[in-house]
Amino acid sequence: MSGASGPGGAPGGAPGGALLVVGDVVTDVVARHHGPLASGTDTAAVVRTVPGGAGANVACWAARRDGTEVRLLGKVGMDSAAWHERELAASGVRPLLVIDPEAPTGTVICLVDTGASAERTFLTDSGASMRLAPGDWSESLLDGVARLHLSGYLFFSEPSRALVAVAVESARARGVPVSVDPASAGFLAELGVARFLALTEGIDVLLPSRDEACLLTGLPDPADAAAKLSRHVPLVVVKQGGAGALVARSGKVRAQVPSVPATPVDTTGAGDAFTGAFLAALLAGTRPEEAAEEGCRAGARAVEQVGGRPTTNA
């Protein structure tokens, strides 16, 4: 979709219009423990249930920027639809939730080691979140939209992959640029690199993590991976956690953005925070390099709190 015209058609974007995020809405059960899990017996932990989902988290972090209109299309079960709608609205996001009559809302158990790294492990029951299908899409969803963002989790089930194709086609017809965050190196490996790259043909912005970028290219160095990916996607931003971010265009790394110092408590939503803040900045007309700086600041705020969404004082 390089060269798309219309609102926000260039990778840097033009101000005006809404951000439409399409992706997963799930319930996160965050269990913070210290040290290795004790197999076959109890491990003391602090457990909280919070709203989550990579797509929903991105939308909430994007909505933190003043003046940003953010909409979210996702699928949930009847069991917690009202709660998720309230939580999204409280974060400034306009929820466009489809209720699945058969599947419950997806649930992710986040095991967070409270050691220095605050590293996390996910146990994922996707539930309704990956059952979005072409029938849940409407051309009218793009009315007033300047950017479309697709969570990578959409690529990991057949119904939502079909939705991706329809949504991207609709966006191309309107000149609306499309961004994708691969979301999960584990699921990406299962799907297959070649298949993912084929499914994302024609997008404008790719926002992989360091591991995802290396997996997608087969290159061990994230800078080399970013450069290679940017020969196929106009703008590539590789998120490197504590090492900051790389911004690549036209086969070259154009900027290495440093991270912001932080004391990690829970790294669950760091990548989503970066993506949301980055996209909101692009939507406002900010240059990609400066937008990546905003992303790094949001990522630092995210790791200093529990859960993947911004808190009132984040």
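Residues numbered from 1 in each chain as written. Predicted model: local features only at pLDDT ≥ 70, side-chain atom pairs only at ≥ 80, totals over all residues. Heavy atoms only, no water.

Trainee: Teacher, can you tell me more about the packing of aromatic side chains here?
Mentor: For any pair of aromatic rings, the description consists of the separation of the ring centres together with the inter-plane angle of the planes. With the rule as written, the count across this model stands at five aromatic pairs. With centroids separated by 6.0 Å and ring planes inclined at 85°, the aromatic side chains of tyrosine 153 and phenylalanine 187 adopt a geometry described as edge-to-face. Placement of tyrosine 153 in the loop between strand S8 (145-151) and helix H3 (158-174) and of phenylalanine 187 in helix H4 (residues 185-191) is noted, with a sequence separation of 34 residues between them. On the basis of relative accessible area, phenylalanine 187 is assigned to the partly exposed category, the value being 24%. Here the aromatic rings of phenylalanine 274 and phenylalanine 278 are separated by 6.0 Å at their centres, their planes lie at 15°, and the arrangement is stacked. Within this pair, phenylalanine 274 and its partner phenylalanine 278 are both found in helix H8 (residues 270-283), separated by four residues, close to a single helical turn. Grouping residues by exposure puts phenylalanine 274 and phenylalanine 278 together as buried. (Phe/Tyr/Trp six-rings, centres within 6.5 Å; stacked < 30°, edge-to-face > 60°. Helix = DSSP H or I, 4+ residues; strand = E, 2+ residues; numbered from the N terminus. Buried < 20%, exposed > 50% of the residue type's maximum accessible area, 1.4 Å probe, protein only.)

Trainee: What am I meant to see in the pairing of strand S2 (residues 26-33) here?
Mentor: Two faces make up the sheet, and in a regular strand the side chains alternate between them. The buried fraction of S2 amounts to six of the eight residues, a majority that puts the element mostly inside the structure. Pairing of S2 with strand S3 (residues 45-52) involves eight bridges; the strand directions are antiparallel. Within S3, the residue paired with valine 26 across the bridge is glycine 52. When S2 meets strand S6 (residues 106-113), the two strands line up parallel, connected through eight bridges. The partner of valine 26 across the bridge, within S6, is glycine 106. (Pairing = 2+ DSSP bridges.)

Trainee: Mind showing me how you'd approach the state of the cysteines here?
Mentor: Cysteine pairs can be linked by a disulfide, which is a covalent bond between their two sulfur atoms. Applying the stated criterion across every chain yields a total of zero disulfides. Free cysteine cysteine 110: the closest other cysteine sulfur is in cysteine 60, separated by 15 Å. (Disulfide = S-S within 2.5 Å.)

Trainee: Any chance you could explain the sheet that holds strand S4 (residues 70-77) here in plain terms?
Mentor: Remark on secondary structure: sheet strands pair via backbone hydrogen bonds, oriented parallel or antiparallel. Taken together, the nine strands give an open sheet; going across it, the order is S5-S4-S1-S8-S9-S10-S11-S12-S13, and neighbouring strands pair in mixed fashion. Looking at which strands have only one partner, the edges of the open sheet turn out to be strand S5 (93-100) and strand S13 (252-257). Note: strand S1 (residues 18-22) against S8, five bridges, orientation parallel. Bridging from a neighbouring strand, valine 22 pairs with leucine 150 of S8. Sheet strands touched by helix H7 (residues 222-229): strand S10 (205-206), strand S11 (235-239), strand S12 (245-249) and S13. Its angle to S12, the strand with the most contacts, is close to 30°. (Contact = heavy atoms within 4.5 Å. Axes fitted to C-alpha atoms, helices over the stretch in contact; angles between N-to-C directions.)

Trainee: Would you mind going over the pairing of S8 with me for this structure?
Mentor: By the criterion of burial, S8 is predominantly enclosed, with seven of the seven residues buried. Here four bridges tie S8 to strand S9 (residues 178-181), and the two strands are oriented parallel to one another. Across the sheet, leucine 150 pairs through a bridge with valine 180, a residue of S9. Crossover S8 to S9 through H3 is right-handed. (Right-handed = clockwise from strand over helix to strand, strands pointing away.)

Trainee: Looking at this structure, I do not really get the pattern of salt bridges. What am I missing?
Mentor: When the charged atoms of two side chains lie near each other, side chains of opposite charge can form a pair. Under the definition given, this model contains 12 salt bridges. Between glutamate 294 and arginine 65 there is a salt bridge; the shortest N-O distance is 2.6 Å. One end of the pair, glutamate 294, is in helix H9 (residues 288-303); the other, arginine 65, is in the loop between helix H1 (54-62) and S4, with 229 residues separating them in the sequence. Given the relative accessible area of 21%, glutamate 294 is considered partly exposed. Here lysine 239 and aspartate 181 are joined by a salt bridge, their closest N and O atoms 2.6 Å apart. Here lysine 239 is found in strand S11, whereas its partner aspartate 181 is found in strand S9, with 58 residues between them in sequence. As far as burial versus exposure is concerned, lysine 239 and aspartate 181 are alike and both buried. (Salt bridge = Lys/Arg side-chain N within 4 Å of Asp/Glu carboxyl O.)

Trainee: Explain the nonpolar core here, please?
Mentor: In summary, soluble globular proteins display a tendency toward joint burial of nonpolar side chains. If you look at the biggest cluster of nonpolar residues, it comprises 42 residues, and the most contacted ones within it are Leu20, Val22, Trp137, Leu148, Leu150 and Leu206. For this core, the leading source of residues is H3, giving five residues. Those residues in contact with leucine 148 that lie beyond four places of it in its chain are Leu20, Val22, Ala167, Ala171, Val176, Pro177, Val178 and Ser179. Counting 35 residues, the second-largest nonpolar core is a separate cluster that includes Leu72, Leu88, Ala245 and Ala280. (Core = buried A, V, L, I, M, F, W, Y, C linked by side-chain atoms within 4.5 Å.)

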